[in-house]
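A structural walkthrough
Residues per chain are reported as follows:
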Amino acid sequence: MDKLRPVIGITPSFEPHGSNSDPNRLHGIHRLDDNYARAVRLSGGLPLILPTTREIQVVTDYLQAVDGLIFSGGGDVNPILYGEDPIPQLQTVDPSRDEFELGLCKEALNHNIPILAICRGVQLLNVAAGGKLVQDISHCVPKALQHRQQAPIWHGSHVIEITPDSLLAQLMKTTQAQVNSSHHQAVGDVAPGFRVTARTSDGVIEAIESLHHDFVIGVQFHPEGMYESYDYAAALFLGFVEACQTVKKLRVEG
Ligand code: MN
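The present account deals with the structure reproduced in this document. (Residues numbered from 1 in each chain as written. Predicted model: local features only at pLDDT ≥ 70, side-chain atom pairs only at ≥ 80, totals over all residues. Heavy atoms only, no water.)

1. Some words on the pattern of salt bridges
Our working rule: Between Lys or Arg on one side and Asp or Glu on the other, a salt bridge is scored when a side-chain nitrogen of the former is within 4 Å of a carboxyl oxygen of the latter. Numbering of helices and strands starts at the N terminus; helices are DSSP runs of H or I of at least 4 residues and strands are runs of E of at least 2.
The final tally for this structure, using the stated rule, is eleven salt bridges. A salt bridge links Asp 67 to Arg 251, with the shortest nitrogen-to-oxygen separation between them at 4.0 Å. Placement of the pair is Asp 67 in the loop between helix H2 (56-65) and strand S5 (68-71) and Arg 251 in helix H7 (residues 231-253), with a sequence separation of 184 residues. The partner of Arg 120 in a salt bridge is Asp 98, and the shortest N-O contact between them spans 2.9 Å. With Arg 120 in helix H4 (residues 120-128) and Asp 98 in helix H3 (residues 95-110), this pair connects stretches of sequence that are 22 residues apart.

Next comes the structure, spelled out in structure tokens:
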């Protein structure tokens, strides 16, 4: 195996066991759709699932072990974390995952580690960097499109317009793309230091990227689910893994 294959850490969902479990001890099940690991492998990276933890030292060690990070999809980010009370349409929140991923994401941003944040991931990224979310698109966005598609994940159900001079447009080699959609929340107030790089026709934010990092991209769609059905989805993953490979080379030669 190529020793230069970059290691891509992927955060899973965490489902806590029981309602009365000890809050100081994590007890539950991790879940991750294999499409994430598969897309990393197909793009030349080595996927590594990072179990949720409360230990700060483990978060530091994770960042030493990886050349890039994928924040995966899942439940809602707790609105308390961006200064809002929950509206009735808020869905499942997992405080353990929120705490772990926020810590990991902030440290990764501090160290300029490449990030590809997907679905819940882009929402988490935006909150970690100081932004806010739309708690429920149907409730909060007038004349919203259907963002929770009733079609297989490999099908692109709505069109996004991509900002021409963005890293996203450069990687996907297009300024318009048909993408899948499986979310009820979205990025609201964009975090300082970030810009919007894609939207649907209803104005919903479908991608953001950092103005100050080499490779920090968040997308609301699931490129890992369209890897084989749309070339630009694979191209996004290939570009991400390539950026991680550059980081790895610098470390090895460093
Ligand atoms: Mn959408």
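2. Regarding the nonpolar core
Stated formally: Throughout, nonpolar core names a set of buried Ala, Val, Leu, Ile, Met, Phe, Trp, Tyr and Cys residues whose side chains join them through atoms within 4.5 Å. Note on exposure labels: buried denotes an accessible area under 20% of the residue type's maximum, exposed denotes more than 50%, and partly exposed covers the range between, all computed with a 1.4 Å probe on protein chains only. It only takes one pair of heavy atoms within 4.5 Å for two residues to be counted as in contact.
One finds Ile 70, Leu 168 and Leu 236 to be the most contacted residues of the largest nonpolar core, which totals 35 residues. If you list the elements that add at least two residues to this core, you get strand S1 (7-11), helix H1 (34-42), strand S6 (115-118), strand S8 (158-162), helix H6 (167-172), strand S9 (176-179), strand S13 (216-219) and H7. Considering each element in turn, this core owes the most residues, nine residues, to H7. The residues touching Ile 70, leaving out its near neighbours within four places in the chain, are Ile 8, Gly 9, Ile 10, Thr 11, Tyr 36, Val 40, Leu 116, Ile 118, Phe 237 and Phe 240. Val 59, Tyr 62, Phe 71 and Val 216 belong to the second-largest nonpolar core, a separate cluster that totals 31 residues.

3. Examining the coordination of the manganese ion
Basically, it comes down to this: Atoms are scored as donors when they are N, O or S and lie within 2.8 Å of the metal, with 3.2 Å used for Na, K and Ca; no water is included, so coordination may look incomplete.
Surrounding the manganese ion are the protein donor atoms His 147 (ND1), His 158 (NE2), Ser 181 (OG), His 183 (NE2) and Glu 206 (OE), which sit 2.2 to 2.3 Å from the metal. Within one chain, the residues donating to the manganese ion are spaced in sequence as H-x10-H-x22-S-x1-H-x22-E. Taken together, the positions of His 147 in the loop between helix H5 (137-140) and S8 and Glu 206 in strand S12 (residues 205-210) put the pair 59 residues apart, joining distant regions of the chain.

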